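# Coordinates in review
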Amino acid sequence: MIDYSVYTPERQERLRYYGLYMAGAAMLGILFYNHFIASALLALTAVPAERYYRALLAARRRRELSAAFKDMLLSLSSSFQTGRHMTEALREAKDNLLLIYPKNAAINRELEQMTRRLSAGGESEREVLFDFARRSCNEDVQNFADVYYTCLTTGGDIVKVVHRTADALVEKIAIRREIEALTAQKQYESKLLTAMPLVILLFLRFSAPDYLDALYGTLAGRLLMTGALAALVASFVWSNRILSMEM
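Let us look at the structure shown here.

The rules behind the values
- Residues numbered from 1 in each chain as written.
- Predicted model: local features only at pLDDT ≥ 70, side-chain atom pairs only at ≥ 80, totals over all residues.
- Heavy atoms only, no water.
- Helix = DSSP H or I, 4+ residues; strand = E, 2+ residues; numbered from the N terminus.
- Buried < 20%, exposed > 50% of the residue type's maximum accessible area, 1.4 Å probe, protein only.
- Contact = heavy atoms within 4.5 Å.
- Areas by Shrake-Rupley, 256 points an atom, 1.4 Å probe, with all protein chains shown as cover.
- Lys, Arg positive; Asp, Glu negative; His and termini not counted.
- Charge placed at Lys NZ, Arg CZ, Asp CG, Glu CD.
- Core = buried A, V, L, I, M, F, W, Y, C linked by side-chain atoms within 4.5 Å.
- Salt bridge = Lys/Arg side-chain N within 4 Å of Asp/Glu carboxyl O.

This next bit is on the overall build of the protein chain. The number of helices and strands found in the protein chain is ten helices and zero strands. Reading the secondary structure of the protein chain in the N-to-C direction produces α-α-α-α-α-α-α-α-α-α. Taking the principal axes of the C-alpha coordinates as reference, the protein chain spans close to 80 × 35 × 30 Å. Expressed as a percentage of its 247 residues, the buried residues of the protein chain come to 36%. For the protein chain, the proportion of contacts with a sequence separation of at least 24, taken over those separated by at least 6, is 64%. Of the roughly 15000 Å² that the protein chain leaves accessible, carbon and sulfur atoms contribute 61%. Across the protein chain, the 30 positively charged side chains and the 27 negatively charged ones have centroids separated by 5 Å.

This part covers the nonpolar core. Counting residues in each nonpolar core, the largest one holds 36 residues, and the members touching the most others are Met 72, Leu 76 and Phe 144. Among the elements of the structure, helix 3 (46-81), helix 4 (86-97), helix 5 (106-119), helix 6 (125-136), helix 7 (139-154) and helix 8 (158-207) are those that each provide at least two residues to this core. Top element by residues in this core is helix 3. It accounts for eight residues. Ignoring sequence-local partners within four residues, the contact set of Leu 76 consists of Met 86, Ala 89, Leu 90, Ala 93, Phe 144 and Val 162. Grouped together as the second largest cluster of nonpolar side chains are ten residues, Tyr 33, Ala 38, Leu 201 and Met 225 included.

Under the counting rule described, the total for this entry stands at eleven salt bridges. Between Lys 94 and Glu 112 there is a salt bridge; the shortest N-O distance is 3.5 Å. Of the two residues, Lys 94 sits in helix 4 while Glu 112 sits in helix 5, which places them 18 residues apart along the sequence. The exposure class assigned to Lys 94 is buried, which follows from its relative accessible area of 17%.

In this section: unusual backbone geometry. The phi angle at Asn 34 is positive, at roughly 55°, despite the residue not being glycine. Positive phi, normally seen in glycine, also occurs at Cys 137, with a value near 55°. Looking at where Cys 137 falls in the secondary structure, it is placed in the loop between helix 6 and helix 7. By relative accessible area, which is 38% here, Cys 137 ends up partly exposed.

So, in structure tokens, the structure goes:
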């Protein structure tokens, strides 16, 4: 079962992360300190930074699940309109979404598990849906599970509920995409501002290395460079948190 609140990278993903991070950190160590020991120490920060990396991947997977859940609701709505019950509707949704998303996509893996648990496992619809809602960390999935169970127990119009939920989710995704488009320029500007000090420092290193001798060779200079590097990293993380959005 997938827990969407966390993300566990595969071996290849971890190797790629550590390779890229440690190479970049080592270059920053040379650029800011001109010292291989500093480069090695900065490269070791890849271990605590992996937590931040996993959080980014978990957030990205939740966004992908939210977009795919919209297509799942549309498929369920069509199936309910033809008189299908939940198990049959989920089976049809699994076949339909395999045409849109890869087989290893989160939504397809969830549909495979839910249909298997309902048909072969003998679990109830309530258990399967509420388990998915709990693990998804997604308000839309949780609301759908609550409303569906309420309609199931009170005899409500499940077709209309699913259709309205899908329409609301489509509008929500459209609004999120509009906001992402509006903040795309700010994200580009943030990355540009983060890169500018590195470009200036690299330019000075090759064009006028004498200017950097005081920063590389004295304690005060190294403390100053440490403060500059810390401010650069903090501004990058802070800007990403401001501009990132998870709905």
